[in-house]
Amino acid sequence: MKILYIKCNPKPDNESFTHRISKEFIKEYAKKNPDHSISEINLYEYGIEHLSYESMCQVFENNGRMFETAKDFSSYDKYIIAAPMWNLSIPSILKAYIDHIVVKGITFRYNKFGLPIGLMKNKKAIYLGTRGGSYPFPLSLFAFDVRYVRYVLRFIGIKNFKSFILENIDKNRIKAENKLESNLKKVRVLAKNF
Ligand SMILES: Cc1cc2nc3c(=O)[nH]c(=O)nc-3n(C[C@H](O)[C@H](O)[C@H](O)COP(=O)(O)O)c2cc1C
């Protein structure tokens, strides 16, 4: 089983709540599944850029960055995506990565009626998100981070999707620190069942 961990926060590990929950998730997952191989893509080191015209042309000839990134992404069985909320959405570097992996003929196709069909079957994903504030309904309607990731993954066929969102981190960091251990406990349960 091949697992891909997509890391999307430029902060050092010890200064980031996102990294702390994702590290715990991975530690627990690895403990439960010692024979699974877990690869990490740190988007800030991976060199992902905005889609280039060159890449968009090359993909039709089965080469270039978009083609290679989508091919690589499609070779995994499970995905762990960890990101903070930035301006009501995901960090733009994660959006840039998503633009490279949603590729016709690799992760989705159109059927004869022109409807999109996801090609990423029997895969699973979890989104570990953090937010400075909180988004109870109706504010949740403007929280485009996890909603976007859920739907874009569904578009390419990944329907088995779970999420864990840690809120109010910036509103009260001391409280967030104090509540971290009980949240890590929840993360460990999710990891065991992933
Ligand atoms: C550029 C930027 C934009 C942000 N926008 C939001 C936002 O729209 N809503 C929110 O609740 N928090 C926002 N935050 C706060 C982050 O979500 C929060 O600091 C982060 O999730 C904490 O996790 P970390 O320690 O892993 O960075 C923003 C932070 C930054 C740096």
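These numbers were taken from a predicted model, which means no experiment stands behind them.

Draft legend 1. The arrangement of the pairing of strand E7 (residues 160-166) in detail. In terms of strand pairing, strand E6 (residues 124-130) meets E7 through 7 bridges, oriented parallel. Paired with Ile-126 across the two strands is Lys-162, which belongs to E7. Of the crossover connections in this fold, the one passing from E6 over helix H6 (residues 144-155) to the parallel E7 is right-handed.

Draft legend 2. Focus on the environment of Asn-168. In this fold, Asn-168 is placed in the loop between E7 and helix H7 (173-192). As for Asn-168 and Gly-132, which are separated by 36 residues in sequence, their C-alpha atoms are 4.9 Å apart. Other than its neighbours up to four places away in sequence, Asn-168 contacts Arg-131, Gly-132, Gly-133, Ser-134 and Ala-176.

Draft legend 3. Examining the pattern of salt bridges more closely. On inspection of all chains with the given rule, the structure shows 13 salt bridges. Linking Glu-28 and Lys-192 is a salt bridge whose minimum nitrogen-to-oxygen distance equals 3.7 Å. Of this pair, Glu-28 sits in helix H1 (residues 17-32) while Lys-192 sits in helix H7, and the two are 164 residues apart along the sequence. Connected via shared salt-bridge partners are Lys-7, Asp-13, Lys-23 and Glu-40.

Rules used in this analysis
In every chain, residue numbers begin from 1 and rise along the written sequence. Per-residue local features of the predicted model are confined to residues with pLDDT of at least 70, and side-chain atom pairs are confined, for both listing and counting, to 80 or more; whole-chain, interface and lining totals are unaffected and use all residues. The basis for every side-chain value is the complete set of non-hydrogen atoms in the structure, without hydrogens or water. Here, strands pair whenever DSSP counts at least two bridges between them. In DSSP terms, a helix is any run of H or I states spanning at least four residues, a strand is any run of E spanning at least two, and both are numbered starting from the N terminus. With the strands pointing away from the viewer, any crossover whose connection runs clockwise from the first strand over the helix to the second is right-handed. Here, two residues are considered to be in contact whenever any of their heavy atoms come within 4.5 Å of each other. Only one rule defines a salt bridge in this text: a Lys or Arg side-chain nitrogen within 4 Å of an Asp or Glu carboxyl oxygen.

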